[in-house]
Each structure stands twice: as structure tokens, then as C-alpha cells.
Amino acid sequence: MPEAPLTSKTSAPAPPKTPPATRSSVAMGRAAFMRLLWPLVALAAVLLWNLAFSPGFFHIEVRDGHLYGSLIDIANRAAPVMLTALGMTLVLATFGVDLSVGAVMAIAGAVAALVVEPRGGVAAILLALAASLAAGLWNGVLVAYLDIQPIVATLILMVAGRGIAQLLTNGQIITFHNPVLETLGGGFFLGLPFPITLVAGVYVVLGLTVRRTALGLFIEAVGDNASASRYAGVPAARVKLLAYVICGLCAGLAGLIVTSDIRAADANNAGMYLELDAILAAVIGGTSLSGGRFNLLGALLGGLLIQSLTTTILTKGIPVQFTLVVKALVIIAVCLLQSEPLRRRFARQKAVEKREEAAA
Amino acid sequence: MTSPASPPPTTPRSSIQSRLLASQNVSLLATGFVCFLLYAAGGLAYQGFLSKNVFINLLTDNAFLGVAAVGMTFVILSGGIDLSVGSVIGCVSILIATMVKSGAPPALVIVGMLLLGALFGAAMGALIQYFELPPFLVTLAGMFLARGVGLVVSLESVPVDHPALTRLTGLNLLLPITAIIFLVLFAAGVYIAHYTPFGRNVYAVGGNAVSASLMGLPVARTVVGVYAFSGFCSALAGVVFTLYTLSGNASAGIGLELDAIAAVVIGGTLLSGGVGVVAGTFLGVLILGIIQTGITFQGTLSSWWTRIAIGMLLLIFILLQRFIQNRAAKSQGQG
Amino acid sequence: MPDLLVMQGVTKRFPGVVALDGVDFTVRAGEVHALMGENGAGKSTLLKVLTGVYPGDSGTITLDGQAIRPRSTGESQALGISAVYQEVNLIPHLSVAENVLLGRLPRKWGRIDWPTVRRRAEAALARLGLTLDVSRPLSSYSIALQQMTAIARALDVDAKLLILDEPTSSLDSDEVERLFSLMDRLKAQGLGIVFVTHFLDQVYRVSDRITVLRNGQLVGAYAANALPRGELVARMMGRSLQEVEAMRQTGARSDAERKAVTPFLTASRLGKRGSIEPFNLQVAAGEVLGLAGLLGSGRTEIARLLFGLDHPDTGELRLDGQPVRFSSPRAALDARFGFCPEDRKTDGIVPELSVRENIILALQARRGILRRLSDAAQAELADKYIRALRIATPDSERAIKNLSGGNQQKAILARWLAADPRFLILDEPTRGIDVGAKAEIEALVRNLCEEGVAILFISSELDELVRNTQRVLVLRDRRQVAELIGAQVNEPAIMSAIAGEAAPAPAGEATGGASVA
């Protein structure tokens, strides 16, 4: 049981002199682990299946000091989904949803591609992030301060955002050459593709942000019981605004990776349907659509699972369109696992069995 | 009116709900006004905008969107959402094209597809109702499944050249057949919403599911029925699309669910359920169509302005609804 | 009069609680039968078993001589049992006519026959003496008329038994009068009516008989004219009149403990329309002010006004002599107010979060997002209060939803204690808690008091008020009706003030007008 890395995220080890705190962080780890159990099992199953049926799937080779192989490839390709899923996780935890992440990715890509030639890579990245921050603010204000249903509020930018991106690029695919910007999607860091490093970095920064401040606690409190949070004085509006801003920034970064990867901004296709994958990844990772507890590591696992399914199907030579069918089945499976009536039925079954055992 | 005792206390009182309802009327009026304004503006700006042909094209070009939007209206009225409509259109169109090409009788294929669509919707509705799953995720799965199946059948577009179908599209009874299906389905939608117990139950369930069940209404049957109806409408939209393009394409209708939702919201239906009218959706579809047509007429404006314009309209309508609700709540607070 | 409804030995258990414990309940045809009891008495469970919302675990129900066992509201309606609830359970956006007939809309040639719908709805309302434009949406009418519509709907199904569950809470006096004359008329038609209300005046105005429940058990069924008000209140509060008399002899206590102190918080003529009539209140540091009154008398409404959850439309609130206006609970929190709410489940616990997180939530909220309490500080606080309040949990990381009600309550108390309040509102802090925990919470209140915290103690347990408070404000029907001070704080006095009858005891002088020092 990989308990240590899980606990280290959620709680720092308390001073050894206070045994209750130590006990508590172990318990916290166990709870987090239980929620990660299913995505882990699913991911392991997919990988094992590959181990058995796809020779060379686990082969990793070093070329020019860079790592290559199917596993690396999966993580690399999953980067945009994992990034958006990180932000989406926070938004879902507030009992919200952000449908606009795909459109925001397109906007970020378009801004970067437009700016990179005249102003250089760094300016392009910063401006793209500024644009996605603005998008997050927009969503956040609509939801948190104007009190508009999240699904409706973010629908606006989902519809208009892609149009804005197309407006920026004039409907063209804008190509560019810039070493800084190209590194983001195509470069390497410590032998690993740069997107993987980026995801890891964002995960660490975000993890620290939500767990080293009270943001994580407030997000969970607001999403789990808005009324009780109000009684306790939790600044709900600010918390929601921050969640949407973070989600926008994550989407912007994901857009930059995609743009950098293909060395072009394609406003028509960049981030298409990615909001759905991001929501799916977050839900697989144990964050509920009805808010409350969230799990950033789970979102990463969810993203990896989706991508490894896709890659597995590809490497087996099965037509790519089957991934959609598999995805559909995954969603239903995840849903049923979280279904209240089913749980109740199982609980009753168990109780009956126990009683029978006791009677016997 | 027989009133034996007490004085007639008919003076309506203001309350949040009545304000909401007023907002409903305001929304519908605003939608009608915007629709008229856009159409008039188009007529002023461009020669021939108001011609009969342009209007017929408006109906024909938006027929499959309109058909899908009718189903979406019911789903949203019931307090749910259906993301699968666009994919079902693609799936149905490719299935029709492939099956007809391989010699199956078109009439049978079409009827079969409509049934399949209804069944597909009913299955999603059952998952939503009986397993208490979020409609968003269930219909997302439906979206992936239908698109996947469609693409598995064929990645390429398949032409439809069966004489019966080409003759059907060639038919001109005042309007092309697709436009007729669109109008007939809308009429049917208005009828179902207004004149059948099912339609009224949809409003009741969307208005307050708990109350509806305490009133002894068949909530479960209504929810499953709503998704079945939406599945049927999506399949019919797929048929319309096939007739419109005389081809089957598994990639058809990508993102169409968004346009359908936008048409419904612009038409004044609240996404929280229980409030709205099917006729509003008709106006919403027309508005989307007029914007599209106007941008085509303009010539230099690019297609993405459509999306931006729709987004702006959505924003205006949502803010309008919000504003009226807030004002109602505030004046309620003051007594 | 024949027995219309006979419920015998009805028992209903929920995980951890027995909501109904072998309750008998009989309603005769042609009578209005009041069902009385404080929160948790089992009224609503009894009615839910009767209307088929959930099945009883044991016991029998007989309606008109037939044994019945309704499994859904639809089924119970078909049997002739119709219910109308406080929060009108209709669809506000639909027309009045539809709300009367939804589910059995008349049809012609397959389509809904709207003219007939309107005619039938008008006729149904006319039977209640009402003439409404039935094609207007339900929401365009007052709550009273919505309630009437609900009754019309209930009667349209040939009801034999009509359940009115707090139908008058949102009605003004004219509207109540109209409802009562309707009830009289229905009674004369031979209908059995079950009437649930918090308003004692109304009970005696319309009821023929009264059944009192307490803690899921039957206290007794009485003819209304044979049960004086004071005795009714006594029985609802779990006292017999003899006990009360006995207490009257010994209950007097010394006035000496009352100290002369400057008020810390003063509300003058604070009020909100439709919620609470203007009231006066002051509380000093280190003082426990009690708030007494039946459920629905306006106790919680006062607390909400003081904590910034609702906003007053009259009057003024002064804190340390300075006028204040809290725009939100956040602002109240900054002034170091705390509010331990009555409804633990919806307003108190954050169910998925751990006991630790629930305890530190308010303190953390006051510190803001950036100044997070360290893990060590959190663990220390949590463990401190788990020990101090003896919260039974294996560890502080257990999700609070897994704790028993009493322990959840203690954790919410701990949340406010951890926030170090100057003023703490406790709304029914001991509800649903076992005796041991009650005593602990009371001891805690005394400690806080000694530390100089001002406390507003809201309770429907009279003995608790007497034990813990130096002064008690009494509310009835959303109005401040009395202030009892020192020696006046005893159960008989509070009870007669609540009941609104001149008490024979010496404490009686204090009842009547709102006396403010």
C-alpha cells in the first residue's frame, strides 16, 4: 500500500510528540486511499492487460538522454486532460462545473500563437495565461457573485469562447517557430517530456495552495454543505471565484501544451470536448459532481486511465472510434459505483448476510 | 361562479414565484422581440433578406436543430439535460445510409431508427431515475456511445441514393419535407406540452419533483418518458439530417447539443426546470438561424461571429432572467 | 361519533432512534383532532406512516373499519386520506386549476379538456367558498389561497380524512379565520380532520379533541374542553401538573446571583416583517439569557436576526453601545459572535468533512483563506475539544456524518468554542442528546459564562432554562410576551407565559406585556 505519498499530500507529519495527530494523518491517508482504490485498480488492470497482450508495452528506452516508450507516451499525451482535470476537480468540489475549459484552451493557444512571433515566447505564455485568468474570472463572477447556475454561466463562454479564439486567429491555423513556446509541449526535462514535468509541477503547486492555505477546506465545506458553511462564516463567493480562476489557468496551460505540441494554434479543434474528458477524469478520481471532498491525485489517475485506454486501443490496432464506446462504458461504471440506490441495496444485502451468519 | 360566502379574494399577490412567472413572460416577449428585431434588421440591411426563399431556407437549414431542440426543451423543462442529441443524429444518419445502401427498405429503417432512438433515451432515463445518477454524466456516456457506434459503422460519409428517399426530398408541398417535419414536430411538441397529462407532468416534475410525487404523480414514468421523447426527437433529427444532405455521416451534429441548449435557453426556458414554453424554443431556433443567415448575407463577416453572437445573446438572456429574479426577491424581502 | 381512523401500536424505527413507539391515534368522523407535540415528538413520522411516505415497522391502521397499509401517497389518497402541508406542496408555476386537478385532468378525445378543467376547479373551490381566476398561475395568489387550493385538491379526491399539517404558519389572522370557518363546514359534512399547529389559541378555537405525543410516545388523548392550556403545555413538555405544582413550592430561587452589569448587546425594537415582531433584548457579558416559547414562536427568527442571517427592517442593534448592522454571518463572526443552529443536519455539520475540520471551520473562517491553522494546531484544537466535550469518536479524522447526533452536536459546539466567541447563540443545544451529554453541555455553558461569554440560550426544555439562565424572554406567536427575571425564572411561570394565561403563581405578574428593563 503506497500510503506514504498519499498522506504527505493531505497532511504534513505532525510533531512526533502528539500521538493523536500522527494517528489522524494515517487515518486521513487511508480515507484518501480508499477513494483512489477504484481508479488505481482500473489503471492497473489496463496496464496488466497490456503486459499480457502487448509485447513491448512496458519497454522504455533512452535516446539522446530522453526517455521513450508507450508508458511515457501515455503520460505525455494525458497531460492536457490531467491539467484541466486538476482545475475541474476544484470547481466540481464547490458543487459547480466549468464547461468552458475547451474553449479557454483554444483562446490561450490563439493568444500565444498571435503574440509569439512579435513578442517572443515568454510574453506569449504570460499573455495566454492572462487571457485564461480573465476567462476564469468571468466564469467565477457569474457563478459566485451573480449567483448564476454554474452549468448555464459557463455555457456562455463555452459557446462564445471558441468563436473568440477563431476571431483572434481569423479562422486560420497559425503556425509559429519559437524555442521557448515549443519546449512547453515538445521539450524534455530530466529526460521526461516537458508536459509531464509541467503536470507534476502544477500538481505540486496546486496541492500546496489548497492544503497549505485554507482554500481546500473551504472548497470542500462550501461544496458539501453550503448552508452550514454560511453559518460558520466561510467566504463562499471568494472561494468559488478562486476555484474558477484556477480552473481557467489550468485550461490555459493545457491549451499552451496542445498549441506548442503541434507548433500551431488551431482554434477550431484545440480542446474540443476536453471539458467532458476533464470532468470524467475528475469523477473517476473520486470527486463527486455534487460537490464536497476532492482528490487532486485522483484527477491525475483519471486522466491517465482515459489516455491509457485510448493508447491501448490504438496499439492493439483497434479502430480509434472504439475508445468512445469504451469511454461510455467507463462513465456508466463509475456512475454505478457511486449510485446511492445500488449502495443501499449492497448495504442491505450485507446486513442480511451478517444476520444470517449470526443466526447460523 | 358560485360563491356562497366569503368575498372574492381574487386580487393576486406578488410573490417570488409570480415575479418569476412574470419574468417568464418577459423572457418570452424579449425573445420574440429580439427575433423580430433581427429579422427586421436583416431586411433593412440586405436586399432579399425578407424573401420567401430565404425564409424557407431558414426553416430547412435549421430543421434538424429544431427537431432536436423540441426534445431538449422537454428534458430541460423536466429539470434535466441531454448531451447525447448531436451524437444520436450522427449515429442515426450513418446507420440509415449504410443500411439503405445494403438494400434494406428505407421506410422500415427509418421507423426502426426512431424506435431505437426512443429506446436509447428511455435507457438513459431509467439510469437517471432508478439509479439516481446525474443526467449530465449519463447523457455524456450516451453521447460517447452513440458517436462511437456511428464512427465504428463508418468513418466516411455514405451517400444516400435510394430512389424513394431522393423522391421524398424532391417532393415540394409548399415546403421541403424537412421543413414540414420540423413544423409538424413543433406543433406536436406544443400539443404534448399543453394538451397531454404527460406534458403537464413534465412541468410538475421540473417545477418540484418532491411536490409532484406527494401529489401522487407518476414521477418515474415521466422522467423516463422525457428522455425517451428526447431520444426519439434526436433520431428524427438524424432522419431529417439524412434527408437534408442525402448522405449519412457519423460526424454529423458535433456540438449540436450546445446549439439546442442555447436555443432552449434563449427561448426563455429556465435550465432549472419547470418554466418555459415550446414555442419559445421555436423562436430560439429561428434567432440562431437568422443570425447565421445574416452573417452569410453580410459576406465579409466570418462564421465565428455566429458563435460569439449566440454567446452574447445567451449572456443577455441569462442576466435578464437573473435581474428579474433578484428584483422579485428583493421586493419580496421588503414585503 | 364513529371512529373514522384507528391507528394502534404504530412503531417506526430509524437507524439509532425509535421515532414512534407503539403510538395509538384515533380520529372520529366529523371532528377536528389536534395532534400536538414539540420537535421530535413523532407527529410528522406518524403522519408519514399514515400517508404511505414510509411503512411503519409494526402496528395497525384501520380506516372506516377496513385495515389499510398504504405504500405511497398516491395509494393513501385513493383510500381517502389527503394531506396539506405547511410549505404548500403544489407546483407554483402551473395554474390554480391544474394544481387542483393534476394527475386526473379531465380529457376529451384524448386531449386535456381545458374548459372542463377550469369548470371543475372552480366548482371545487366554490365548495370552499372561494371564487378565483383559476387560469392564473398558483404563485400569483397569496399563501393562504395557495393553501386553500391545496385543500380543494385534497377534497376533490373524495377525502374522508384531511390532514392539515401546520397550515396556518404563514397566514394572517383574517386568512386563518377563513380557514377555520372552512374547517367547521367540512367537519359538519362528516370529514375527519387532523390538525397540526404550534399555535395554542388555534388549537382551542377549532379542535374537538387533542392527542399529545412526546419523544415518540403517546402522552394521551383528551377532549379539548377538558384539558386546560397550562396542562396541555405541561404535557407537551413532559411534565404532569402535579410535578409543576410541586416545583412551584420549591422552585423559588434567590435573586442574589444577578449582578449589575452593563449590557454587551442590546436590541431595541428589532424586527422583521413576517418573521418576528419588534422585540427588545439585552444581554451582558457573562450572562445567560434564555429564550422560551413553543416551536415556531419566533425563537430561531431572533437568533437569525442577531447573527446577520436575516436582516431586520425595523429597530437597532448595539454592540458595546455602538450601533452595528451585520450584512452576513461573516460580519457577525468578525465581531466574535457564534451561532450553534437548531437544525444540525442542514445548518450545522459539513457531513463529509472530518470531526477535526468541522471543529476548526469557524475559527479558520475568521482567520481567512491565507492564514491557515497549522496541522499541529488543528490536531491540538480538535483533540482538546474531543477530550473536553467527550466527543465519542475513534479519532479526529472520522467523517462527522458517522458520529451519533449528540456527538455531532458537541462537535458543532466545539466549532464555536474554538472560535473563542464573546457572544454565543445556542439554539436547542441539547436536542436529541442523551442525558449525560446534556449535563456536560450545561456544565460547559456555566464555564463559558464564568469566562465572560454572553450566551443566548434557546430551548423548549423548561428545566434546562431554569437551571441555566438568569433571565428568560418568552415568545408566543412571533411576539415577545414576557421577560422573567431571577426568582421569576421557574417552570410554572414560563409555562403560563407560553400558554398565555394568567398564572396563579407569584411569577404571574411578569406575564402579559413585554417588560424591558
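Numbering of residues begins from 1 in every chain and follows the order in which that chain's sequence is written. Here the convention is simple: chains get letters from A, ligands get numbers from 1, in the order in which they are written. Residue-level local features of this predicted model are given only where pLDDT is at least 70; pairs of side-chain atoms are given and counted only at 80 or more, and the full residue set underlies all totals for whole chains, interfaces and linings.

K.L.:
What exactly am I supposed to notice about the overall build of chain B here?
P.N.:
From N to C terminus, chain B includes 14 helices and four strands. Taking all 335 residues of chain B together, 55% fall into the buried category. By definition, residues are in contact whenever their C-beta atoms, placed on the basis of the backbone, come within 7 Å of each other. Counted over contacts in chain B with a minimum sequence separation of 6, partners at least 24 positions apart contribute 81%. In DSSP terms, a helix is any run of H or I states spanning at least four residues, a strand is any run of E spanning at least two, and both are numbered starting from the N terminus. Burial is judged by counting other C-beta atoms within 10 Å of a residue's own C-beta: 20 or more means buried, 12 or fewer means exposed, and anything between counts as partly exposed, with every C-beta placed from the backbone.

K.L.:
Would you mind showing me how to read the overall build of chain C here?
P.N.:
A tally of helices and strands in chain C yields 18 helices and 22 strands. Every one of the 517 residues in chain C was classed for burial, and the buried ones make up 52%. Taking the contacts inside chain C whose residues are at least 6 apart along the sequence as the reference set, 67% of them involve residues at least 24 apart.

K.L.:
What is the right way to read the interface of chain A and chain B from this model?
P.N.:
The interface is formed by 34 residues belonging to chain A together with 36 residues belonging to chain B. Broken down by element, the side of chain A that touches chain B gets its largest block of residues, 12 residues, from helix α6 (residues 150-169) of chain A. Under this grouping Gly is polar, as are all residues other than the nonpolar Ala, Val, Leu, Ile, Met, Phe, Trp, Tyr, Cys and Pro and the charged Asp, Glu, Lys and Arg. Here the residues of the side of chain A that touches chain B sort into 25 nonpolar, six polar and three charged.

K.L.:
Can you help me understand the nonpolar core in this one?
P.N.:
Soluble globular proteins: nonpolar side chains tend toward being buried together. Ranked by internal contacts, the top residues of the largest apolar core, which has 389 residues, are A112 of chain A, V67 and A68 of chain B together with I455 of chain C. The biggest single contributor to this core is helix α11 (residues 236-262) of chain A, with 17 residues. What makes a nonpolar core is a set of buried Ala, Val, Leu, Ile, Met, Phe, Trp, Tyr and Cys residues, with links drawn between C-beta atoms within 7 Å.

K.L.:
Hey, could you run me through the pairing of strand β19 (residues 423-427) of chain C in this one?
P.N.:
Moving residue by residue along a regular strand, the side chains alternate between the two faces of the sheet. Residue and element names in this part refer to chain C. For β19, the tally of buried residues reaches five of five residues, placing the bulk of the element in the interior. Between any two strands, pairing holds if DSSP finds at least two bridges. Both strand β18 (residues 337-340) and β19 contribute to a ladder of four bridges, which runs parallel. Its bridge partner lying in β19, F337 is registered against F423. With five bridges joining them, β19 and strand β20 (residues 454-458) adopt parallel strand pairing. Within β20, the residue paired with D427 across the bridge is I458.

K.L.:
Can you help me understand the sheet that holds strand β14 (residues 276-284) of chain C in this one?
P.N.:
Hydrogen bonds along the backbone pair up the strands of a sheet, which may run parallel or antiparallel. Residues and elements named next belong to chain C. Spatially, four strands are ordered β14-β13-β16-β17 in an open sheet, and the strand pairing comes out antiparallel. Of all strands in the sheet, those bounded by a partner on one side alone are β14 and β17 (322-324). Averaged over all pairs of adjacent strands, the angle between their axes in this sheet comes to 25°, without regard to strand direction. Sheet topology note: the strand β13 (residues 263-272)/β14 ladder contains six bridges and is antiparallel. Bridging across to β14, P263 finds its partner in A284. Only C-alpha atoms enter the line fits that serve as axes; for helices the fit covers just the stretch in contact. Angles between N-to-C directions range over 0 to 180 degrees. Set on the sheet, helix α10 (residues 299-306) makes contact with β13 and β14; between it and β14 the angle comes to about 65°.

K.L.:
What's the story with the interface of chain A and chain C in this structure? I'm lost.
P.N.:
Many structure descriptions define interface size as the accessible area lost when the parts assemble. Across the boundary between the two partners, chain A contributes 32 residues, which contact 32 residues of chain C. Taken together, the residues of the side of chain A that touches chain C break down into 17 nonpolar, nine polar and six charged.

K.L.:
Please explain the packing of helix α4 (residues 101-119) of chain A against helix α5 (residues 121-145) of chain A as it appears in this structure.
P.N.:
Packed helix pairs are characterised by how far apart their axes lie and by the angle those axes make with each other. Residue and element names in this part refer to chain A. Between α4 and α5, whose axes approach to 8 Å, the crossing angle comes to 150°. The angle between α4 and α5 falls in the class roughly antiparallel. Classified by chirality, the crossing of α5 by α4 is right-handed. Contacts between α4 and α5 pair V104, I107, A108, V111, A112, V115, V116 and R119 from the former with G121, A123, A124, I125, L127, A128, A131, S132 and A135 from the latter. For the contact of α4 with α5, the class distribution of residues is 14 nonpolar, two polar and one charged. Here the angle decides the label: under 35 degrees means roughly parallel, over 145 means roughly antiparallel, 65 to 115 means roughly perpendicular, and every other value means oblique. Should the near helix be turned anticlockwise from the far one by less than a right angle, the crossing is termed left-handed; should it be turned clockwise, right-handed.

K.L.:
Could you clarify how one ought to interpret the sheet that holds β19 of chain C in this entry?
P.N.:
Residue and element names in this part refer to chain C. Spatially, six strands are ordered β18-β19-β20-β15-β21-β22 in an open sheet, and the strand pairing comes out mixed. Whereas interior strands pair on both sides, the edge strands pair on one side only; in this sheet they are β18 and β22 (479-485). With strand direction ignored, the average angle separating the axes of adjacent strands in the sheet is 15°. Across the face of the sheet, α10 comes into contact with β15 (288-292), β18, β19, β20 and β21 (471-476) while running at roughly 150° to β19.

K.L.:
What am I meant to see in unusual backbone geometry here?
P.N.:
Glycine aside, a negative phi is what most residues show, and trans is what most peptide bonds show. We note that D64 of chain C has phi near 55°; this positive angle belongs to a residue other than glycine. Looking at where D64 of chain C falls in the secondary structure, it is placed in the loop between β4 (58-63) and β5 (66-68).

K.L.:
Can you help me understand the confidence of the model for chain C in this one?
P.N.:
In regions of low pLDDT, the predicted coordinates are not meant to be interpreted in detail. Residues and elements named next belong to chain C. pLDDT expresses how confident the predictor is about each individual residue, on a scale running from 0 to 100. Overall, the predicted model of chain C reaches an average pLDDT of 83, with 90% of residues at or above 70. This stretch, residues 249-260, has a pLDDT under 50; its non-local contacts, to residues over four places away or in other chains, come to 10 contacts. This stretch, residues 502-517, has a pLDDT under 50; its non-local contacts, to residues over four places away or in other chains, come to 34 contacts. Scored by ipTM, the complex comes to 0.81, with pTM at 0.83.

K.L.:
Before we go on, may I ask you to explain the packing of helix α12 (residues 274-284) of chain A against helix α13 (residues 296-315) of chain A in this structure?
P.N.:
Residues and elements named next belong to chain A. Relative orientation of the contacting elements α12 and α13 amounts to 120°, with a least axis distance of 7 Å. Between α12 and α13, the angle falls in the class oblique. Where α12 crosses over α13, the handedness of that crossing is right-handed. Packed against α12, whose contacting residues are D277, L280, A281, A282 and I284, the element α13 presents A299, G302, G303, L305 and I306 at the interface. Of the residues that constitute the contact of α12 with α13, the class distribution is seven nonpolar, two polar and one charged.

K.L.:
Teacher, can you tell me more about helix α6 (residues 135-153) of chain B here?
P.N.:
Each α-helix turn comprises 3.6 residues. Residues three or four places apart therefore point the same way. The span expected for a helix works out to 1.5 Å for each residue beyond the first. With 19 residues, α6 of chain B should reach 27 Å at 1.5 Å per residue; the first-to-last C-alpha distance of 27 Å fits that figure. Extensive coverage of α6 of chain B is indicated by the burial of 16 of its 19 residues.

K.L.:
Which parts of the structure should I look at to understand helix α15 (residues 405-418) of chain C?
P.N.:
All names here are of chain C. Here α15 spans 20 Å end to end across 14 residues, near enough to the 20 Å set by a 1.5 Å rise per residue. Most of α15 is tucked away, with 13 of its 14 residues classed as buried. D420 occupies a position one or two residues after α15 and carries a positive phi of about 55°.

K.L.:
In this structure, what is going on with the environment of V240 of chain B? I would like to understand it.
P.N.:
Residues and elements named next belong to chain B. Here V240 is to be found in helix α11 (residues 219-245). Under the C-beta neighbour-count criterion, V240 is labelled buried, with 27 such atoms within 10 Å. Each C-alpha atom, one on V240 and one on F64, is 5.6 Å from the other, the two residues being 176 residues apart in sequence. Excluding residues within four positions of it along the chain, V240 makes contact with A63, F64, V67, T178 and I181.

K.L.:
How do you make sense of the pairing of β13 of chain C when you look at a structure like this?
P.N.:
Among the 10 residues in β13 of chain C, seven count as buried, and that is most of the element. Adjacent in sequence and paired antiparallel, β13 of chain C and β14 of chain C are bridged by three residues, among which G274 of chain C carries a positive phi angle near 75°.

K.L.:
How should the environment of S27 of chain B be read in this particular structure?
P.N.:
All names here are of chain B. Note that S27 resides in helix α1 (residues 16-45). For S27, a count of 24 C-beta atoms within 10 Å puts it in the buried group. For the pair formed by S27 and M113, sequence separation is 86 residues and the distance between their alpha carbons is 36 Å. Contacts of S27, omitting those with residues within four sequence positions, involve G268, F317, L320 and Q321.

K.L.:
Sorry, what's going on with the environment of Q292 of chain B here?
P.N.:
Residue and element names in this part refer to chain B. Its location among the elements puts Q292 in helix α13 (residues 278-298). Of the residues examined, Q292 has 20 C-beta atoms within 10 Å and is grouped as buried. Spatially, the C-alpha atom of Q292 lies 9.9 Å from that of N62, the residues being 230 residues apart in sequence.

K.L.:
Sorry, what's going on with the confidence of the model for chain B here?
P.N.:
All names here are of chain B. When pLDDT is averaged along chain B, the result is 85, and 89% of the positions lie at 70 or above. In the predicted structure, residues 1-20 sits below a pLDDT of 50 and forms 41 contacts with residues beyond four places in sequence or in another chain. Low pLDDT, under 50, characterises residues 331-335; the predicted model gives this stretch five contacts beyond four residues in sequence or across chains.

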